[in-house]
Structure formats: C-alpha cells, structure tokens
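So you can see what is in the structure, the chains are spelled out below.
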Amino acid sequence: MEDKQSKFLEDWASAKNVEFDNDAAKEAYLYRANLFKDAIELKKTPDRVPIYSIVTFAPMYVLNVKHKDAMYDANVLGKTYYDFTVKYDLDAANTPVLCSHGPTLDALKYLLYKWPGDGLPDNTAYQFVEKEYMKVEEYDHLIQDPTDFMLKVFMSRIAGNLKPFSKIGTFYGLHEIGLSNSLLISLGAPDVQEAFMALLEASRLHFDWINKLVPHILKTMSSGYPFGSGGAAKVPFDFLGDSLRGTTQLMMDMYRRPEKVLEACERLVPHMVKMGAADAHANGNPLVFIPLHKGADGFMSSAQFEKFYWPNMKAVMLGLIDEGCVPVCFVEGSYNERLDYLTDLPKGKCVFYFDKTDMSMARKKLNDIACIGWGFPVSKILTGTPELVADSTKKLLDEAAGDGGYILGIGCSMDEAKDETLKAFVKTGRDYGRY
Amino acid sequence: MQELINAMVEMEEDRFLDLTKELLASGEDPNAIFRAYQEGMAEIGRRFEQNEFFIPELIMAGEMMNDGAELIKPYLDEDAKTVTKTIGSMVLATIEGDIHDIGKNIYGMMMELSGFEIIDLGVDVPVNTIISKIEEIKPDLLGMSGLLTLAFDPMKEVVEKLKEKGLRDSTKILVGGGQFDQTVCNFVGADGFATDAIVGVNICKDWMKA
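What you are looking at is a predicted structure, and each value in this text was computed from that prediction instead of being measured.

Let's talk about the overall build of chain B
Okay, so step 1: Along its length, chain B carries 10 helices and 5 strands.
Okay, so step 2: At 18 Å, chain B has a C-alpha radius of gyration in line with the 17 Å of a compact globule built from 210 residues.
Okay, so step 3: Across its three principal axes, chain B shows a C-alpha extent of roughly 60 × 35 × 30 Å.
Okay, so step 4: For chain B, with 210 residues in total, the buried portion stands at 46%.
Okay, so step 5: Contacts spanning at least 24 positions in sequence make up 72% of the contacts within chain B whose residues lie at least 6 apart.

Here you go:
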C-alpha cells in the first residue's frame, strides 16, 4: 500500500497544481519545497538547511504598516505578507490568513481576542482573552456531544452577537415529523434569527476577505515560495485549557476531576484531527501546524504529561499521519524532560520546532526519529547586533543541523523583527547551513 | 496538625478543609492552624524547586490556602486580621500593550504566600502609571510581566524613567515572561529575570536579605 503521507508530501513538493511566472520561479519553488521534504524525511546530507520562521505581525512591524490597517484591509495584509516573503527570502512563506479580519470579528462581536481596532492600540498584535468559557458542570455536555457544545454553548459565549445560540433546540427531533417542532420553533425566535443573520454577515465578510487575499497567496507561490503550513490543529488538553476551561481551572480539574479531563481530551481527538486534515487537503499542503502549550517542562510533571497530555497529543499526531498529513509541532517553552516520549513516534513523519529546548539534546535524542527545527531566541533578533546574530546562528547550526533533518528558524511566532538582524540570520543560514 | 500539613502537601483538598474545620471546632488556635498552612506552603515550594511539583500544585496550594483562610478568618481577633508582617513590597504589572495575566497572577500569589505585599496594577499598565505608583509608595521591588516581545521596549522605558527620577537605585526590578532571558534582561536594564514563578520569588527573597 502506498504511504499516504509520502504521496501528499511529494505532490506538494512537486508543485503539481501551481502555476508559475517563469521557469526560474518554478525551479526556486521546487528547490525550496524539496529542502523541507528532505528534512522531514530525514534524508542524509541534503543540500542545505531550509530556513523558515512563523510570523503574525512581524511583516507589518518591519515594513512600517499599521497593524490595524492589515487587519481591516485584505489588500494591505496580502501585499505586506507578500513583500515580507520576498524581502527576507525565507524558504517558505507565511499565510496571511492567521492575522484574521477585523470587520468579520466586529460583525460577530468576537470576545475571545482583543485586536487593534478593538480596544488595543493600532500597532499592537492581537491577544487572546483567557476566561472560563466552559463551566465545570458542562464537562458532560462536551463529552457527550462536542459539536452541540461548541455550537450552543461555546459560540454563544465567545461572540456577543451569537449569544442567542444558547437557545437552539435539539436536532434529534428532525427524525419524526411531529418531533421536529422544538428545533424549528427555537430557530424562528427573533433573537436567534438575528444571531444567524450576524453569523451570515460575518461569514460573507470573511468570504470576500479570502477572495481578496487569494491573488496575493497565488502570487507568492507563482513567484517561487511554497507555504510553510497547510492547516492547524491543537492537542486536546491545550484546546480544553487554552480556550474552554482556562489554565487555572484546568490545572485544578487535574486534581478535582481527572477522569472528566481525560474523557474530554479523548473525545476531542478525532475533531482535532479532522480540523487539521481538512484544511491541509483543501490547501494542498500536508504540513499541519500544532502549537504545544501546557505540556511543557515546568507546567506539569512528567507523570502528569504521561497521563493527561501525551496520549492525546500522540493520538492527534498519528491521526494526522493516517490522513496523509505531516504533524508540525511547535514546542513553546522547553521540552527537555519530554524528548524521550517523542522517540515513540514513527520515524521521519513529524516535525518539532523548538523554542527553549536544549537543541543539542534534541538533536541527539531525535536524530533518527523526527525532523527538528528552530531554537533561535527571538531576543537576539530584537536586541542583538547582526554580528551577534550571525555568530549565534552558526553556533545553533553546529549544535542542531546534524546531517540533515533540521529546519532553521526563530523559536516563536514573531510579532516584531529587526531588519538587519533578520537579514543576518537568513544570510548566515544560507551560507553556513550548507551540508 | 502534621496531618493537616500532609493533606495540604499531598493535594488532598477535601481532607485539608475537613481537618481545618475539625481543628477549629475543637478549639485549636487559628494562628497555629495558619502557621501550619505556611509550613505546608514552604514544603510545596521546596518540592517545586526540586521539580517534583509544578503549576497544578501551585494553583491547588493557593486555592487551599485561600479557602482555608476563609474558614479561619471568623476565629481570628480583629488585631490579627489587620496586622500582617511583610518581608518587602512589590509593585507588579503586566506592561502596556500586553493583556496577559496568568503568569503575573500565579507569581503574585506565590509572592503573597511568601510574605510579600503585592500592589498589583493589573494588565496593559502604561509606563507613567507604573512610575507614579513607585513615586507614591516607594516599594522595595518592581515586577514587570509580559508574554509578548512588544513588552521589551516599554519595560526599558520604565527603567530609564526611574533613573531620571532618581528612583532606580532604591527599587530592585524583576522582569518575567515566556521570552525573557539574560539578553532581554540586559536590554531592559532590570536587575533580574525569571521564566517561572518560584525562581522569581527566590530572587526577590535574596534581594531582601542582601
């Protein structure tokens, strides 16, 4: 049987469905995408390390574009991201869609984040508002019917204009003519109708937005840059802790109702896999980005990691691999104490980008297991000199690049950057990162 | 009393609260119960330093301490309620532009439990608000928190303004957050940095001893 992941990766790296400006652009794209493919598949002694970092507002920051303008005008956003890609010439582009669209969020009265244009200064990055969006007594609702919970409870709490969603009746009555009344009547109530109109309007705005972004995205690819990510997923424990229960509450739940936490995490696994795989397939890009939060060293003990975090993290990763995708985990904080667990994964199928993990230890432990990446501190990009950055980049490459299976990058999602240090970083990677 | 300390350290929340109630009902001195809590906290802190305990235990400990203190309060004399001995005071804030508060709150809680007086100014606190608070109350310490890299510049501004006002030398400054390291600490001009709560508390304890 053909390996689904190899095929998807090969299709992506061979740019099957991309139209190029010219032969040089095609050649550049194939070279760059294959640097990633070689690194992921742990090919020995490839040409050089691929260079890629993720950004959110850094393109606006370095190119002097007001953050608010990027969030409220698709063309400003698309152009800024494109210009950033070309100017700094990383081996993969970032997708502008992560910056989201202010008008859509306004139409929803979105409460889960604050952004420039919504109470934050015009030149600030958007920020998450952590709260207890799921109450403790709602574990059973989430476990029994996660989608029903997300629709009626979660959506009604994270968007002011969707509050009436909490009144939507059960869908199960639809199986009999006489039992379908409660759903239909609940949907007919004026406030519920208004909430649906708000959702439709927000969605219309978002659809217009993506249609304005698509030409910029296609231009990025046709000029020779593959995208570094095709979709995203979360580890269930992070989904539960970041967005539903809140960090403090979930940490107490680990002691007060561990079985509910475990059940909820298990229940969320297929949904996380579906979420990541659906976008990856729609975008023709197998790389599914998974930011890892609450399983890091210092957050919990290894015993807690083994019980609450790792089983579901692994299940999501294996589920994505089964769907032909490449799980690309971004380990925020450090994973020095967790590296041994990761060796349990199938070889050459995943990527781990690191923030503060000891990179020589990661190289040693994951050498034949998984592609590793990043590990360069953003503090040096923001406060260092080009010479310091060049020296530190060389040191990192010596430690981490091995004989393949390494992607050079900065260990965070950058909201800010500095022109001369970022250029020094990329140039050093290109010169010194040859095998 | 040892049983109470054990229940706390073993994270047996229900047992901890039951024992507190039993001790109070049997006429035990509430101050002695509170001292037992502090002993429990000290042990929890030790285990945290030895990498046996992590954030869930710190949060549980803070929760037990608060719930226990609520039970004890009615039994305390009026004097005991207001007289609190502190080993130092700290103005604490998440710097302007940044609205994250979980790290700051856990740190603030651990500082209070360790005997510091914390004046928490909240999140997204403007540089000038921090400066005027320090001018007003002249604390021993200033703690600035930030998850985002955009926190670096305004923190540096605070340090520079304190210098201008002649308040820098009298205020020890700790900065903290996920992206902090020695490079950032030097850039900001702080006296120390921490990426976890207990390390940050211990740095402040050492400063107060010096």
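Let's talk about the nonpolar core
Okay, so step 1: Core analysis: the largest hydrophobic core is formed by 202 residues, its most contacted members being Val351(A) and Phe352(A).
Okay, so step 2: What Val351(A) contacts, discounting residues up to four positions off in sequence, is Ile40(A), Val326(A), Val328(A), Cys329(A), Ala370(A), Cys371(A), Gly373(A) and Ile407(A).

What to know about the environment of Leu262(A)
Okay, so step 1: Looking at the secondary structure, you find Leu262(A) in helix α13 (residues 258-283).
Okay, so step 2: The spatial distance from the C-alpha of Leu262(A) to the C-alpha of Ile143(A) is 10.0 Å, given a sequence separation of 119 residues.

Structural notes on the pairing of strand β5 (residues 326-331) of chain A
Residue and element names in this part refer to chain A.
Okay, so step 1: Counting buried positions along β5 gives 6 out of 6 residues, so the element sits mostly inside the fold.
Okay, so step 2: What you see with β5 is no split at all: Val326, Val328 and Phe330 on one side and Pro327, Cys329 and Val331 on the other are buried throughout.
Okay, so step 3: Here strand β4 (residues 287-292) runs beside β5; their pairing, made up of 6 bridges, is parallel. By the bridge assignment for β5, Ile290 is matched with Cys329.
Okay, so step 4: Of the crossover connections in this fold, the one passing from β4 over helix α14 (residues 302-322) to the parallel β5 is right-handed.

A word on α13(A)
Every α-helix winds through 3.6 residues per turn, so residues three or four apart in the chain are directed the same way.
Residue and element names in this part refer to chain A.
Okay, so step 1: End to end, α13 covers 37 Å across 26 residues, agreeing with the expected 38 Å (1.5 Å per residue, within 8%).
Okay, so step 2: Along α13, the sharpest change in direction is near 35° and occurs at Val269; proline Pro270 comes one to four residues later.
Okay, so step 3: Burial in α13 covers these residues: Val261, Ala264, Cys265, Leu268, Met272, Val273, Gly276, Ala277 and Ala280.

Things to note about the environment of Ser360(A)
Residue and element names in this part refer to chain A.
Okay, so step 1: Inspection of the secondary structure puts Ser360 in helix α16 (residues 359-366).
Okay, so step 2: Considered as a pair, Ser360 and Pro377 are 17 residues apart in the sequence and their alpha carbons are 15 Å apart.
Okay, so step 3: Those residues within four positions of Ser360 in sequence are excluded, and the remaining contacts are Glu399 and Ala400.

Observations regarding helix α6 (residues 102-113) of chain B
All names here are of chain B.
Okay, so step 1: Spanning 12 residues, α6 covers 17 Å between terminal C-alpha atoms, matching the ideal 16 Å at 1.5 Å per step.
Okay, so step 2: Most of α6 is tucked away: 10 of the 12 residues are buried.
Okay, so step 3: Gly103, Lys104, Asn105, Ile106, Tyr107, Gly108, Met109, Met110, Met111 and Leu113 are the residues of α6 that are buried.
Okay, so step 4: Looking one or two places after α6, you find Gly115, whose phi comes out positive at around 100°.

Regarding the interface of chain A and chain B
Okay, so step 1: Listed by partner, the interface residues are 28 residues for chain A and 23 residues for chain B.
Okay, so step 2: Counting only elements with at least two residues in the side of chain A that touches chain B, the list comes to α12 (247-256) and α17 (378-383) of chain A.
Okay, so step 3: With 6 residues, the single largest contributor to the side of chain A that touches chain B is α12(A).
Okay, so step 4: Partitioning the side of chain A that touches chain B into residue classes produces 12 nonpolar, 11 polar and 5 charged.

Quick notes on the sheet that holds strand β3 (residues 141-145) of chain B
Residue and element names in this part refer to chain B.
Okay, so step 1: Read across the sheet, 5 strands follow the order β2-β1-β3-β4-β5 without closing on themselves; strand pairing throughout is parallel. Looking at the sheet topology across the chains shown, the edges are occupied by β2 (116-120) and β5 (192-194). Across the sheet, the mean angle separating the axes of adjacent strands is 25° when strand polarity is ignored.
Okay, so step 2: Relative to β2, strand β1 (residues 88-94) runs parallel, the two being bridged by 5 bridges. Its bridge partner being in β2, Ser89 is matched across the sheet by Glu117.

What counts, and at which threshold
Residues numbered from 1 in each chain as written. Chains lettered and ligands numbered in written order. Predicted model: local features only at pLDDT ≥ 70, side-chain atom pairs only at ≥ 80, totals over all residues. Helix = DSSP H or I, 4+ residues; strand = E, 2+ residues; numbered from the N terminus. Rg over C-alpha atoms; globule rule 2.2 N^0.38 Å. Buried ≥ 20, exposed ≤ 12 C-beta atoms within 10 Å, placed from the backbone. Contact = placed C-beta atoms within 7 Å. Core = buried A, V, L, I, M, F, W, Y, C linked by C-beta atoms within 7 Å. Pairing = 2+ DSSP bridges. Right-handed = clockwise from strand over helix to strand, strands pointing away. Expected span 1.5 Å × (residues − 1). Bend = angle between axes of the 7 residues up to and from the residue. Nonpolar A, V, L, I, M, F, W, Y, C, P; charged D, E, K, R; others polar. Axes fitted to C-alpha atoms, helices over the stretch in contact; angles between N-to-C directions.

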